[in-house]
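# Remarks on the overall topology
For reference, the chains in residue letters:
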Amino acid sequence: MGGSLRVAVLGAPGVGKTAIIRQFLFGDYPERHRPTDGPRLYRPAVLLDGAVYDLSIRDGDGAGPGQSPGGLEEWPDPKDWSLQDTDAFVLVYDICSPDSFDYVKALRQRIADTRPAGAPEAPILVVGNKRDRQRLRFGPRRALAALVRRGWRCGYLECSAKYNWHVLRLFRELLRCALVRARPAHPALRLQGALHPARCSLM
């Protein structure tokens, strides 16, 4: 048995958080968007590099549907939505929406501000979803990736929940990074080191 890991998938409403999780867990994609009614928790078992891990995947944050990035200041106590005891974060934005990228930027700062002193550093993977709408993106991928990796010190990856492109890779890299978070390297370097192939599948 490999142990357990707590993962939070956060981002603005409508960026595809639930779609990403459902593709990973069930291999399906909802054609019609339905706002998630409050945070949801999924508890799959995953086989990674020959070991079994029990995951707790939290879908959504405490801001609620329809809230703007400025609403971050009005969120409840971070303890209520489990920022402090999460092992790894997926921060999702829509590559066609600059506002959703600003939301992720604010989320990342809130995570840093609320992490208890002396607590292990939790890896953060910033994910640009809706890569299937590449022609409508608001900024070049390389520039955004460089900002996230060098400026924010987080990992970066783009995916398409609709076509299940890079969804498995997203979770594989995040989990492998979380498992080696105690090594002396900052999260961006550890995430980039996880890019080589590894076996990851649901039990």
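This text goes with the structure placed above it.
Keep in mind that what you see is a predicted model, and the values were worked out from it rather than measured.

Criteria and thresholds
Residues numbered from 1 in each chain as written. Predicted model: local features only at pLDDT ≥ 70, side-chain atom pairs only at ≥ 80, totals over all residues. Heavy atoms only, no water. Core = buried A, V, L, I, M, F, W, Y, C linked by side-chain atoms within 4.5 Å. Buried < 20%, exposed > 50% of the residue type's maximum accessible area, 1.4 Å probe, protein only. Contact = heavy atoms within 4.5 Å. Axes fitted to C-alpha atoms, helices over the stretch in contact; angles between N-to-C directions. Helix = DSSP H or I, 4+ residues; strand = E, 2+ residues; numbered from the N terminus. Parallel < 35°, antiparallel > 145°, perpendicular 65-115°, else oblique. Salt bridge = Lys/Arg side-chain N within 4 Å of Asp/Glu carboxyl O.

## Thoughts on the nonpolar core
- Residues Ile20, Ile57, Val126 and Leu170 are the most contacted members of the largest nonpolar core, which totals 51 residues.
- Each residue touching Ile57, except ones within four places of it in the same chain, is listed here: Val7, Val9, Ile21, Phe24, Leu25, Arg40, Leu41, Tyr42, Pro44 and Phe171.

## Things to note about the packing of helix H1 (residues 17-26) against helix H4 (residues 167-179)
- One can describe the packing of H1 onto H4 by two numbers: an axis separation of 9 Å at closest approach and a directional angle of 90 degrees. It follows from the interaxial angle that H1 and H4 lie roughly perpendicular. Taking contact as the criterion, the partners of Ile20, Ile21, Gln23 and Phe24 in H1 are, on H4, Val167, Leu168, Leu170 and Phe171.

## A few points about the pattern of salt bridges
- Scanning all chains against the criterion turns up 8 salt bridges.
- Of the charged contacts, one joins Asp49 and Arg176 as a salt bridge, the two residues approaching to 3.0 Å between their closest N and O atoms. With Asp49 in the loop between strand S3 (45-48) and strand S4 (51-59) and Arg176 in helix H4, this residue pair connects regions lying 127 residues apart in the sequence.
- Classification of Asp49 as partly exposed rests on a relative accessible area of 45%.
- One salt bridge in this structure joins Arg172 and Glu173, with 3.8 Å as the shortest N-O distance. Side by side, Arg172 and Glu173 carry an identical accessibility label, which is buried.
- Taken together, the shared-partner salt bridges connect Arg131, Arg137 and Glu158 into one network.

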